[in-house]
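Below, each chain spelled out in residue letters.
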Amino acid sequence: MTGPTINDFVIKVATVNGTGSASANGLLMKAIFRMGVPVVGKNIFPSNIQGLPTWYEIRVTRDGYGGRDGKIHFSVAMNPETYTSDIAELTPGGVLLYDSTWPRSDLTARADVTVIGVPLSAMCNDAFAVARSRVLMKNMAYVGAAAALLDLDMTVIKALVEEMFAGKPKLIPANMQALALGFDYITEHYDYPLPFRVKPMDKTAGKVVIDGNTAAALGCVYGGATFGAWYPITPSTSLMDGFASYCAQLRVDPETGHNNYCIIQAEDELAAAGLTIGAAWNGARAFTPTSGPGISLMSEFIGYAYYAEVAMVLFDIQRVGPSTGMPTRTQQCDIQLCAYASHGDTRHILLFPANPRECFDMAVNALDLAEHFQTPVFFMSDIDIGMNDWMIDELTWDDTYVPDRGKILSADELENIDTFYRYLDTDGDHITYRTLPGTHEKGAYFLRGSGHNKLGRYTEKGPEYKEVVDRLYAKWKSAADAVPAPIIVKAKSKTRCAIIAVGSSDPAVIEARDRLEASGIAIDYMRIRGFPFSKQVEDFIDAHEEVFVIEQNRDAQLLGLLITETSAPKDKFASILHYSGAPLDFRFVYDEIQTAVKVRKIA
C-alpha cells in the first residue's frame, strides 16, 4: 500500500463545533466531486450543541472505494485544542495547514511532515467588520488555501458558492473575497500545488452524493408510507426531517392543498411505537425512526405488534451503546436486540442496507415485508450510513411498482364469507387474512396482545396458545426467502477462507479483500442483507473451512446470530471486531485477516 498520490489521499479538517464549518467542508468535498473524482465524506462530531472538537474527513479515491482509508495525509487544523492529535495522526510525508495568526513552534516538531501557516484570522479580521462574519469567513479562507495547495478548480468552487447562496445573493461577494484571501496567500508565499493533489477525472458521471437517512426518507415516500411517528434522537431525526420535506413536495393534494400524510412527534419513543401500530392497524403504511435506546423503550409495543400481527417498520439508525453511550459515534450493536426484541419468544425480520442506494431500496422492501408478513420489520442502518456522505449511482424508480399490501379482505370478499377469523390460517402459508377498519361489519375483530386462539378469542389454554405462536415462528422462518438475498463475491482462485459482514462494514471489506487478493491471499466474501438467514447463507458457510465474521460491536452479535440460527459449527468461525465508534477502515480489516491467515496457516 503506497503513500498519497494524485487523486488518492485523505483530507481531515479539524474545527470547533458550532463555528459554521460544515458548509465549508461540504464545499471542499463537492468541488472534488464536481471535478469528476470519487470522494467519501465522514463527519465526526460531538453530541453536545457547541464548543467541542469536530472533524470532517474527505477521502479522495480515484478507484472509487466507498470506505475509510485509515490514514490522514492533509490536515486542516483549525482548533488549537486538537493540534497535538491532528499532527500526530498525519502519515509521514503529510501536510498540516493551520491558522498562523498565533504561531505555534511545537507544530514543527515532526521533521517528516510539512507545516503550512496561513494567518487566516488576521486576514479575516482586517477584511470583515462583523465579528460573526469573521468567524464564518475564516472557514471559506481555509477552503481557498486548500484549493490552491490541492489544485482544485476555482471555477467549480465559485459556481458552488453561487449555488449555495442562491437564496441570499448578498452573501456571495464576501464568501468569494474570503476564498481569494486564502488562495492568494498560498500562491504568494508557498510552492503549490502539493505533490499529491486533485486532477480532473470522469468517474462521477451518473453519481450523486447523499446520506442514508435522506435516501431512506425518500424510499419511504416512494414506497407508499403515509404515516410516521417519532421522538427525536440522534442519529435518526434527520430521517424524519427528510420524510417531512419530501412529503411537503410530493404528498400534498394539488387541488385541495390538503396533506396526504401524517407526521407526529410523540412525547417519547414508547408513544411513537404505539402511534405507529395504531396507524398501521388502520391501513396506513407506517414507520418510526429511532436508535438503540428508542428500541429499548419500544420493546413492549414491539412484542404487541408481533403477537397481534400488526405491520410496522422500525428504522434503527444504530449508535454506540450501552445506555446513552456515545450518541454521535457508529456501531452495529443492536443486532441481537432487534432480532429478538421484546419479552417472550419473538423473532423479527431484519434488513441490513450497506449504503444510501440500498437505504432507498430497502425502505420500500421493509414496508412491503411488514405488510406481507403482518409483523414488525427492522431496518438496520447506523450513523455511518445514515449521516455521512456517500457517493452512489443516481437513484432510479420503477413506475410499475405495486405495493405488497399482503392478505387484506375486501368488502365483497367479506360479504361472501360466513365468519371472519383474524388468526385462522386458511391457506397453509402461516399468514392469516386481515381486514381494515370500516370495510365491512363482518371484518370487525378484537385486536389482542393477550393470549388468543386462532379464532381471535381470548384463551389461556396451552394447546391453543401454542398453535398460534408456532404459526408465528413458521411465518418468520418463511421470510428467509423473501428478504433481500446475500451478495456473494468469489475469489479468482479456489479458497478455503471466507468473510461474512453486514451493512456499513461492506466498503472496507471490499477494499481489504481486493488488496488481500493482490497480495496473494484469496478469500470469498458474502454480505448478508436480511434475517432470517436464507439457505444461501448456510450453503456459503458450509463451503468454507474458515469464516471470518467482521462486525462493529464488542460482543460478536452477528456471529452469535449465525451460531444460533444456522447449523454451522462454532469452531468454523473467527471474529474480527471493531467497536471504537469510528467508521471501519480497510487497513484494519486487511491487517487483521492477513495476521490471522499467517497465524492459522490457512492461505
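Since we're looking at a predicted model, the values are computed, not measured. Residues take numbers from 1 onward in each chain, read along the sequence in its written order. It should be noted that, the model being predicted, local features are given only for residues of pLDDT at least 70 and side-chain atom pairs only at 80 or more, the latter also being counted only at that level, while totals for whole chains, interfaces and linings use all residues. Neither water nor hydrogens contribute to the side-chain values; these are computed over all heavy atoms in the structure.

Moving on to the overall build of the protein chain. Numbering of helices and strands runs from the N terminus; a helix is a DSSP stretch of H or I covering at least four residues, while a strand is a stretch of E covering at least two. When helices and strands are tallied, the protein chain shows 19 helices and 20 strands. A compact globule built from 603 residues would reach a C-alpha radius of gyration of about 25 Å, and the protein chain, at 27 Å, matches this within 12%. By principal-axis analysis of the C-alpha atoms, the protein chain measures approximately 90 × 70 × 40 Å. Partitioning the intrachain contacts of the protein chain with sequence separation of at least 6 by distance along the chain shows that 75% fall at a separation of at least 24. Exposure was quantified through the Shrake-Rupley algorithm and a 1.4 Å probe, taking into account, for residues, occlusion by the shown protein chains and nothing else. Surface exposure of the protein chain reaches about 24900 Å², of which carbon and sulfur atoms provide 52%. For the radius of gyration, the atoms used are the C-alpha atoms, and the globule rule reads 2.2 Å times the number of residues raised to 0.38. Two residues qualify as a contact provided that any one of their heavy atoms is within 4.5 Å of a heavy atom in the partner residue.

Our focus in this paragraph is the pattern of salt bridges. Between Lys or Arg on one side and Asp or Glu on the other, a salt bridge is scored when a side-chain nitrogen of the former is within 4 Å of a carboxyl oxygen of the latter. Under the counting rule described, the total for this entry stands at 33 salt bridges. Here Asp-112 ties to Arg-110 by a salt bridge, and the two come within 2.9 Å at their closest N and O atoms. Buried residues are those whose accessible area, probed at 1.4 Å on protein chains only, stays under 20% of the maximum for their type, while exposed residues exceed 50% and partly exposed ones sit between those limits. Judged by its relative accessible area of 36%, Asp-112 falls in the partly exposed class. Across the pair Asp-539 and Lys-535 runs a salt bridge, and its minimum N-O distance is 2.9 Å. Taken as a pair, Asp-539 and Lys-535 lie in helix 17 (residues 535-542) at a separation of four residues, close to a single helical turn. Look at Asp-539 and you get partly exposed, because its relative accessible area is 36%.

Strand order in the open sheet formed by six strands is 2-3-1-4-5-6, with mixed pairing between adjacent strands. In this open sheet, the two strands that pair with only one neighbour each are strand 2 (39-44) and strand 6 (114-118). The sheet shows a mean angle of 15° between the axes of neighbouring strands, direction not considered. DSSP-based pairing: two strands are paired if at least 2 bridges between them are found. Between the N-to-C directions of two axes lies an angle of 0 to 180 degrees, each axis being a line fitted to C-alpha atoms and, for a helix, fitted only over the stretch in contact.

What follows is about the nonpolar core. Put simply, buried Ala, Val, Leu, Ile, Met, Phe, Trp, Tyr and Cys residues joined by side-chain atoms within 4.5 Å make one nonpolar core. Membership of the largest hydrophobic core comes to 87 residues, with the highest contact counts inside it found for Phe-243, Phe-287, Phe-315, Phe-378, Ile-500 and Leu-562. For this core, the element with the highest residue contribution is helix 12 (residues 356-373), accounting for nine residues. Ranked by size, the runner-up nonpolar core spans 54 residues in total, among them Val-39, Leu-97, Ala-141 and Leu-194.

How big an interface is tends to be stated in terms of accessible area lost as the parts join. What the domain assignment lists for the protein chain is domain 1 (8-189), domain 2 (212-393), domain 3 (411-481) and domain 4 (487-600). Taken over C-alpha atoms, the centre of domain 1 sits 36 Å from the centre of domain 4. If you look at the interface, domain 1 gives nine residues, while domain 4 gives 11 residues. Computed with a 1.4 Å rolling probe, the buried area is the accessible surface lost when two parts are put together, summed over both parts. Between domain 1 and domain 4, a total of about 860 Å² is buried, with carbon and sulfur atoms accounting for 54% of that surface. Interface area lost by domain 1 to domain 4 is led by Tyr-65, Arg-68 and Asp-69, which between them contribute 60%. Inspection of the region where domain 1 meets domain 4 yields two salt bridges. Close ionic contact of Asp-69 with Arg-587 constitutes a salt bridge, the shortest N to O distance being 3.0 Å. Here a polar contact is taken to be a pair of N or O atoms separated by no more than 3.5 Å, where protein atoms must pair a possible hydrogen donor with a possible acceptor and residues adjacent in sequence count only if both atoms sit in side chains. There are five residue pairs in polar contact (both at pLDDT 80 or more) connecting domain 1 and domain 4. Boundaries of every domain are those given by an automatic assignment or by a domain database.

Turning to the packing of aromatic side chains, a few remarks are in order. Planes of paired rings set the category: under 30 degrees apart is stacked, over 60 is edge-to-face and the rest tilted, where pairs are Phe, Tyr or Trp rings (Trp by its six-membered ring) whose centres lie within 6.5 Å. A full pass over the atoms with the stated rule returns 15 aromatic pairs. With a centroid separation of 6.4 Å and an interplanar angle of 75°, the aromatic rings of Phe-301 and Tyr-304 are classed as edge-to-face. Here Tyr-304 and Phe-301 lie together in helix 10 (residues 292-308), a separation of three residues that amounts to about one turn. Taking relative accessible area as the criterion, Tyr-304 reaches 25% and is therefore assigned partly exposed. Ring centres 4.6 Å apart and planes at 45° place the aromatic pair Phe-315 and Phe-379 in the tilted group. Pair noted here: Phe-315 is in strand 11 (residues 312-318) and Phe-379 is in strand 13 (residues 376-382), with a separation of 64 residues, a long-range link. When its relative accessible area of 1% is taken as the criterion, Phe-379 is described as buried. Above the face of the Trp-390 ring, Lys-42 is positioned so that its terminal group lies 4.3 Å from the ring centre. In our convention, an over-ring charge means Lys NZ or Arg CZ found within 6 Å of a ring centre and within 35 degrees of that ring's normal. Lying across the ring of Trp-476, Arg-347 places its NZ or CZ 5.3 Å from the centre.

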